[in-house]
Structure formats: structure tokens, C-alpha cells
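# Summary of structural features
Here is how the chains run, residue by residue.
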Amino acid sequence: NNFFHAHKNIRTITFKVNRMDEQVYLSDIIWIEADGHRCIIHTREEDIVTRTSLSQLESQLEGADFVHPIRYALVSMASVATIPTEELVLTNGEVIPISRDQRATVKRAYTNYKMKSLLKKGEDR
């Protein structure tokens, strides 16, 4: 069981930077922003610009705790501080809007994520 938890924490996504394959740990990603024909991967350390599309990046996040609040953004649940109403406030202070048709889905995903975190804390004791 601990192996599974450890493995989950070292998952990465792969993308191209200057025609070279790069990788970043999912746990380091705060959010991913689509910007024209490129994406900006906002990590704890830096912002990485890639020509890999948002949908290609999203397909690598299967089963990970990421949410799609608005067409141009993928956000790590671990980076969400609060969801006041129509936006996500991230732990780094950034604010990302939630499109009207995604509000219920995002709030449900956030609630489920928080419940999972609480249950995991209980198991770790």
C-alpha cells in the first residue's frame, strides 16, 4: 500500500521543450494554462513553456487530482486553497475563474478531494 502511495507521488507528465522531451512531477504542478499554440506549465519552481497541447497534457493526467475549471486551464487540486464562488483561489494567490457550466463539477471534485485527503490522514495515523 505504501508503495502505491509513493508511486502515485512520483508520476510525471512528458512534454516537448525546444524539440526535447522534458518531464515534471505531477506533485510539482500548480496549474497548466493554454495560451494560443502553447501551454504554460506553472510549477512550484518555474513556469515552463511547451508546444504540447492542453488536451495532450490532460490525457496524461488520467486518474490524477486535476480539474478543468475553464477551457484554458487545468488545475491541481492540491494547489486549491479555496473556492469562494465563481473562481479557484490557489495556494500561491493566483485566481482562476470557473466557467458557469463547470461550477458544480469543480465543487464536487474539490469536496471529494478534501474527503480523500482527510481519510488518508486518518489512515496514516
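Quick note: structure is the one above.
The structure presented is a predicted model; accordingly, all values stated were derived computationally and were not measured.

Pairing is antiparallel in the open sheet, where 5 strands are placed in the order β5-β4-β3-β7-β6. Two strands close off the open sheet at either side, each with one partner strand: β5 (47-50) and β6 (66-70). Neighbour-to-neighbour, the strand axes of the sheet open up by a mean angle of 20 degrees, direction not taken into account. Summarising the sheet, β6 and strand β7 (residues 73-76) pair through 3 bridges and their orientation is antiparallel. For Phe-66, the partnering residue across the bridge sits in β7 and is Ser-76.

Both faces of the sheet carry side chains from a regular strand, because those side chains alternate between them. Burial of the side chains of strand β9 (residues 87-90) is restricted to one face: Leu-88 and Leu-90 are buried, whereas none of Glu-87 and Val-89 on the reverse face is. Where strand β8 (residues 80-82) lies against β9, 2 bridges are found, and the strand directions are antiparallel. Across the sheet, the residue bridging to Val-80 is Leu-90, located in β9. What sits between the antiparallel neighbours β8 and β9 is a turn of 4 residues. By the bridge criterion, 3 bridges tie β9 to strand β10 (residues 95-97) in an arrangement that is antiparallel. Across the sheet, Leu-88 pairs through a bridge with Ile-96, a residue of β10.

Tracing the chain through its elements places Ser-117 in helix α3 (residues 103-124). Classification of Ser-117 by relative accessible area gives partly exposed; the value is 22%. For Ser-117 and Asp-65, which are 52 residues apart along the polypeptide, the C-alpha to C-alpha distance reads 11 Å.

Further remarks concern the sheet that holds β8. On the basis of which strands lie adjacent, the open sheet formed by 3 strands has the order β8-β9-β10 and antiparallel pairing. Because the sheet does not close on itself, it has two edges, and the strands there are β8 and β10. Each strand of the sheet is rotated relative to its neighbour by a mean of 45 degrees, with strand direction disregarded.

Time to look at a negative patch on the surface. On the surface, a cluster of negative charge is made up of Glu-22, Glu-45, Glu-46 and Asp-47. Residue classification places Glu-45 among the exposed positions, given a relative accessible area of 71%.

On to the pattern of salt bridges. Going through the model one piece at a time under the given rule, you end up with 4 salt bridges. Lys-16 serves as the salt-bridge partner of Asp-21, at 2.7 Å between the closest nitrogen and oxygen. Judged by its relative accessible area of 54%, Asp-21 is exposed. The partly exposed category is assigned to Lys-16, whose relative accessible area is 41%. Among the salt bridges present, the one from Asp-35 reaches Arg-38, with a minimum N-O distance of 2.7 Å. What makes Arg-38 partly exposed here is its relative accessible area of 31%.

Conventions we followed
- Residues numbered from 1 in each chain as written.
- Predicted model: local features only at pLDDT ≥ 70, side-chain atom pairs only at ≥ 80, totals over all residues.
- Heavy atoms only, no water.
- Pairing = 2+ DSSP bridges.
- Helix = DSSP H or I, 4+ residues; strand = E, 2+ residues; numbered from the N terminus.
- Axes fitted to C-alpha atoms, helices over the stretch in contact; angles between N-to-C directions.
- Buried < 20%, exposed > 50% of the residue type's maximum accessible area, 1.4 Å probe, protein only.
- Patch = residues over 30% accessible without salt bridge, like charges linked within 9 Å, V, L, I, M, F, W, Y side chains within 5 Å.
- Areas by Shrake-Rupley, 256 points an atom, 1.4 Å probe, with all protein chains shown as cover.
- Salt bridge = Lys/Arg side-chain N within 4 Å of Asp/Glu carboxyl O.
- Lys, Arg positive; Asp, Glu negative; His and termini not counted.
- Charge placed at Lys NZ, Arg CZ, Asp CG, Glu CD.

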